[in-house]
Amino acid sequence: MNPAPHILEGSESALEECAELLRRDQLVAVPTETVYGLAGNALSECAVRKIFEVKGRPLIDPLITHFKDASTAFSYVHANAAAEKLASHFWPGPLTMVLEKLPIMPDLVTAGLKSAAIRVPRQPLMRALLQKLDLPLAAPSANPFGYVSPTRPEHVASTLGTKIAAILDGGICEHGLESTVLDLRFPDRPTILRPGPICSSEIESMLGCSVHKAEATGQNTAQTSPGQLSKHYSPSTKIRIVEHGRTDISLSEGEALVTNRKPTTIRSEHVYWLSEDGNPADMSRSLFDLLQKLDRMNYESLIIEAVPEEGLGIAINDRLRRAAAS
Ligand code: TXA
Ligand code: MG
């Protein structure tokens, strides 16, 4: 076990220190525009094994590999025209593509699957780190397996803090929800494995064909994404979801209510909100942050208002349902 991790502010010397730790097969929590990642050198078996171990993640759950740019990413997989088109539009950014892997992509990272999940993140510190290192970084979300993903350095420090070498501080993550995972192995039938900040309609308008949605199987097999497990992203506190608009709820002892927007009529210290005015980007950014905060406040249960099921709301409701599943 390491001593408490360094939280390194995003300076040139911090980037160099992180790069050096990663070159030596250490793990560093890194900021991305989605959530914090638990990063290790994707080409080092030792580093990748540590990622699974520290996260408590079964070896059958494949990791996403992060690259400095699209041409490097596509040298690890069989790309196709649809993938290239999406990359030129959405990368760097919160889109992960699943494609057939090439032999250079390590089997441990892909959990023995023939496919690999790749992404080029946009967060400036993460980009600078990838460029400096010139190595691909395998990085799942930097939370213990099954728990809520971290969107601030303190979230990582309080869960995995003693098990990693450093945390690179990029402040709060812009989107606050994990990337959209899109299976593009069959480019005529693109399939969303995990909804995220990039919506299916945006992908459809780029590709000019319809995008499918994978069904959750509820089972953790090598063919399934953990993002598809029906229970995931769960805090310890029990969660009950109520329909959008149904916030006229009288709270019992030990309960807290989380609404979409700041309520004008309800007055209680146990009412929290995801945004001032229901703006989806604000709600997405604050969801995991608020769940982590409330989980430390010893409520017995949280009653959470669903968001409108459209655009970014699809990904927010997806995470809410999984957090609530028992
Ligand atoms: O925003 C994100 O994607 C963050 C940041 C750090 O990049 N990462 C993240 O990683 O959320 P993780 O490991 O928590 O989730 C990765 C998802 C899982 O649902 C995993 O099963 C899926 O991607 N995945 C990875 N490789 C896959 C593959 N070859 N086929 C299908 N799904 C895959
Ligand atoms: Mg995760």
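Residues numbered from 1 in each chain as written. Chains lettered and ligands numbered in written order. Predicted model: local features only at pLDDT ≥ 70, side-chain atom pairs only at ≥ 80, totals over all residues. Heavy atoms only, no water.

Asks: Is there a simple way to think about the confidence of the model for the protein in this case?
Replies: The predicted coordinates of low-pLDDT regions are not to be read in fine detail. Summary statistics for the protein give a mean pLDDT of 93 and a share of 93% for residues scoring 70 or more. Across the protein, strand S4 (residues 64-66) holds the top mean pLDDT of 99, while strand S1 (residues 6-9) sits lowest at 90. Throughout residues 218-224 the model reports pLDDT below 50, and contacts reaching past four residues in sequence, or to other chains, amount to 16 contacts. (pLDDT = per-residue confidence, 0-100. Helix = DSSP H or I, 4+ residues; strand = E, 2+ residues; numbered from the N terminus. Contact = heavy atoms within 4.5 Å.)

Asks: Is there a simple way to think about the side chain of Ser179 in this case?
Replies: One can find Ser179 in the loop between strand S8 (166-169) and strand S9 (180-183). Ser179 gets classed as buried once you look at its relative accessible area, which sits at 3%. A polar side-chain atom of Ser179 sits 2.8 Å from a polar atom in the side chain of Thr96. Setting aside anything within four residues of it in sequence, one finds Ser179 in contact with Thr34, Ile64, Pro94, Leu95, Thr96, Arg119, Arg194, Pro195, Gly196, Pro197 and Arg319. (Buried < 20%, exposed > 50% of the residue type's maximum accessible area, 1.4 Å probe, protein only. Polar contact = N/O pair within 3.5 Å; in protein donor to acceptor, adjacent residues only side chain to side chain.)

Asks: Just checking my understanding: could you explain the layout of surface pockets for this structure?
Replies: Empty space among the atoms becomes apparent when a probe as large as a water molecule is rolled across them. Of the pockets and cavities examined, the second largest pocket occupies roughly 260 Å³. Lining of the second largest pocket is provided by 20 residues; of these, His244, Asn260, Arg261, Gly278 and Glu305 occupy positions nearest its centre. Among the elements that line the lining of the second largest pocket, the one with the most residues is strand S13 (residues 255-261), at three residues. Of the residues that constitute the lining of the second largest pocket, the class distribution is six nonpolar, nine polar and five charged. (1 Å grid on protein atoms, 1.4 Å probe; cavity = no way out; pocket = protein on both sides within 12 Å on 5 of 7 lines; lining within 4 Å. Points joined across faces, edges and corners; volume = space filled by probe spheres on them. Nonpolar A, V, L, I, M, F, W, Y, C, P; charged D, E, K, R; others polar.)

Asks: Quick question: what am I supposed to make of the sheet that holds strand S5 (residues 95-100) here?
Replies: The strands that make up a sheet are held in pairs by hydrogen bonds between backbone atoms, and each pair lies either parallel or antiparallel. Pairing within the open sheet is mixed, and its 11 strands lie in the order S1-S8-S2-S3-S7-S4-S6-S5-S9-S10-S11. Lying at the two open borders of the sheet, with one neighbouring strand each, are S1 and strand S11 (212-213). Where helix H1 (residues 12-23) meets the sheet, it contacts S1, strand S2 (28-30), strand S3 (37-41), strand S7 (137-138) and S8, and its direction lies at approximately 135° from that of S1. (Pairing = 2+ DSSP bridges. Axes fitted to C-alpha atoms, helices over the stretch in contact; angles between N-to-C directions.)

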